[in-house]
Amino acid sequence: MDLHISWTFLIPLMLILTEAKKDKELYCAVCRALVDEIHFSISEVDPKKLVQVGSFRIDGKGNQLTKQVPLARSELHLTELMEGVCERFKDYAETKNSEGKKSVLRTASRNGKPISLQNISISTEKQKLIRFACDSILEDHEEEIMTAFQKYTEIKETEEKVCREMADLCSEADLQISMPSSEMTAEEIAAMENASDSDDTDTEDGDDVDSESDDSSPQESASNDEEYVEMTNQQAEKTEQKSEKEEL
């Protein structure tokens, strides 16, 4: 009886302590990043690609009924995504959002676009925490997340459903704050390209100076060659005169 009472109080206490250890700011950010990663993967799938799915219904001939559905957001597709999505969080680091709260952002580009990494905190321990947060969220809410992605197509709607209503990790105010992004803006890319063009111009100017210096070299070389030929001819004449004297 005493043992039963002990476990009755111990289990809720353990759950409370576990929840207390969760960094709500970090977990909210990881949840939103998780939604973004899945949403991005879905957007990369050809919308015309289909997959055949079956049902438990049987037709009059005893054959199982099947149909073709878009691969994107299908149960098969989402199941495959869930298996490897948290692996991508090795490319995330901790940072702060515009309100000074903990957040996360990618440290590697997903599509080859230039990125800019500022105000980030990278350490093995923090990366483990980020990965653990992703695994925990997925373990607790995988089926609900799949259902949400099958129902909602807009990322804001999915964030609201998954991170606020289902997982209870973000507040409505949290979801109003934009997630930090490492992708460079069009203005930043233009500034970088202008700086690169300026460097190329300086290099070309330097090449022109070198070319001008090289232009004088052939003339000097030709002059030196003429002097050498003249000296050689004079030496040959002296040798010939000496030979004639010896013959006499």
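Since the model is a prediction, treat every value here as computed from it, not as a measurement.

**Considerations on the overall build of the chain**
Tallying secondary structure elements over the chain gives seven helices and four strands in all. Counting from the amino terminus, helix and strand elements in the chain follow one another as α-α-β-β-α-β-β-α-α-α-α. A total of 248 residues make up the chain; the buried ones form 24% of that total. When the accessible surface of the chain is split by element, carbon and sulfur atoms take 50% of a total near 17,500 Å².

**A short note on helix H5 (residues 155-166)**
Those residues of H5 not exposed but buried are Thr 158, Glu 159, Val 162 and Cys 163. Axial view of H5: buried residues confined to an arc of 105°, hence all on one face. In the core, the buried residues of H5 are packed alongside helix H2 (24-43), helix H4 (124-151) and helix H6 (172-176). At the exit of H5 stands Asp 168, carrying a positive phi of roughly 55°.

**Notes on the pairing of strand S3 (residues 92-96)**
Counting buried positions along S3 yields four of five residues, so the element is predominantly enclosed. Here five bridges tie S3 to strand S4 (residues 102-106), and the two strands are oriented antiparallel to one another. Opposite Ala 93, over in S4, you have Leu 105 as the bridge partner. Adjacent in sequence and paired antiparallel, S3 and S4 are bridged by five residues, among which Gly 100 carries a positive phi angle near 80°.

**Overview of the state of the cysteines**
If you walk through the whole model with that rule in mind, you get three disulfides. Each disulfide pairs two cysteine sulfurs, and for Cys 28 the partner residue is Cys 170, the sulfurs being separated by 2.0 Å. Disulfide Cys 28-Cys 170: the torsion about the S-S bond is 115°, which places it as right-handed. Of the two residues, Cys 28 is situated in helix H2 and Cys 170 in the loop between H5 and H6; the sequence distance between them amounts to 142 residues. With respect to burial, Cys 28 and Cys 170 carry one shared label: buried. Between the sulfur atoms of Cys 31 and its disulfide mate Cys 163 the distance is 2.1 Å. Since a negative S-S torsion denotes a left-handed disulfide, the Cys 31-Cys 163 link at about -95° is left-handed. Taken together, the residues Cys 31 in helix H2 and Cys 163 in helix H5 connect sequence positions 132 residues apart. Summarising the burial analysis for this pair, Cys 31 and Cys 163 share the class buried.

**Some thoughts on the environment of Asp 36**
Assignment of secondary structure puts Asp 36 in helix H2. On a C-alpha basis, the gap between Asp 36 and Lys 156 in space is 9.6 Å, while along the polypeptide they are 120 residues apart. If we ignore the near neighbours within four places in the chain, the residues touching Asp 36 are Arg 110 and Ile 155.

**A few points about the nonpolar core**
Counting residues in each nonpolar core, the largest one holds 35 residues, and the members touching the most others are Val 30, Leu 34, Ile 38, Phe 89, Val 104, Ile 137 and Ile 145. Counting residues per element, the ones that place at least two in this core are H2, helix H3 (75-84), H4 and H5. In this structure, Val 104 is in contact with Leu 26, Ala 29, Val 30, Ala 33, Tyr 92, Ala 93, Thr 95, Ile 130, Met 179 and Pro 180, ignoring residues within four places of it in sequence.

**A closer look at the confidence of the model for the chain**
Model confidence for the chain is summarised by a mean pLDDT of 79, while 66% of its residues fall at 70 or above. Segment residues 11-20: pLDDT under 50, and one contact once partners within four positions in sequence are set aside and those in other chains are kept.

**Brief notes about the packing of H4 against H5**
As a packed pair, H4 and H5 sit with axes 9 Å apart at the nearest point and diverge in direction by 155°. Considering their axes alone, H4 and H5 lie roughly antiparallel with respect to each other. The two elements H4 and H5 cross, and the hand of that crossing is right-handed. Residues His 141, Glu 144, Ile 145, Ala 148 and Phe 149 of H4 form the contact with H5, whose participating residues are Thr 158, Lys 161, Val 162 and Met 166. In terms of residue class, the contact of H4 with H5 is made up of five nonpolar, two polar and two charged.

Calculation criteria
- Residues numbered from 1 in each chain as written.
- Predicted model: local features only at pLDDT ≥ 70, side-chain atom pairs only at ≥ 80, totals over all residues.
- Heavy atoms only, no water.
- Helix = DSSP H or I, 4+ residues; strand = E, 2+ residues; numbered from the N terminus.
- Buried < 20%, exposed > 50% of the residue type's maximum accessible area, 1.4 Å probe, protein only.
- Areas by Shrake-Rupley, 256 points an atom, 1.4 Å probe, with all protein chains shown as cover.
- Arc of directions from axis to C-beta.
- Contact = heavy atoms within 4.5 Å.
- Pairing = 2+ DSSP bridges.
- Disulfide = S-S within 2.5 Å.
- Core = buried A, V, L, I, M, F, W, Y, C linked by side-chain atoms within 4.5 Å.
- pLDDT = per-residue confidence, 0-100.
- Axes fitted to C-alpha atoms, helices over the stretch in contact; angles between N-to-C directions.
- Parallel < 35°, antiparallel > 145°, perpendicular 65-115°, else oblique.
- Left-handed = near helix turned anticlockwise from the far one by under 90°.
- Nonpolar A, V, L, I, M, F, W, Y, C, P; charged D, E, K, R; others polar.

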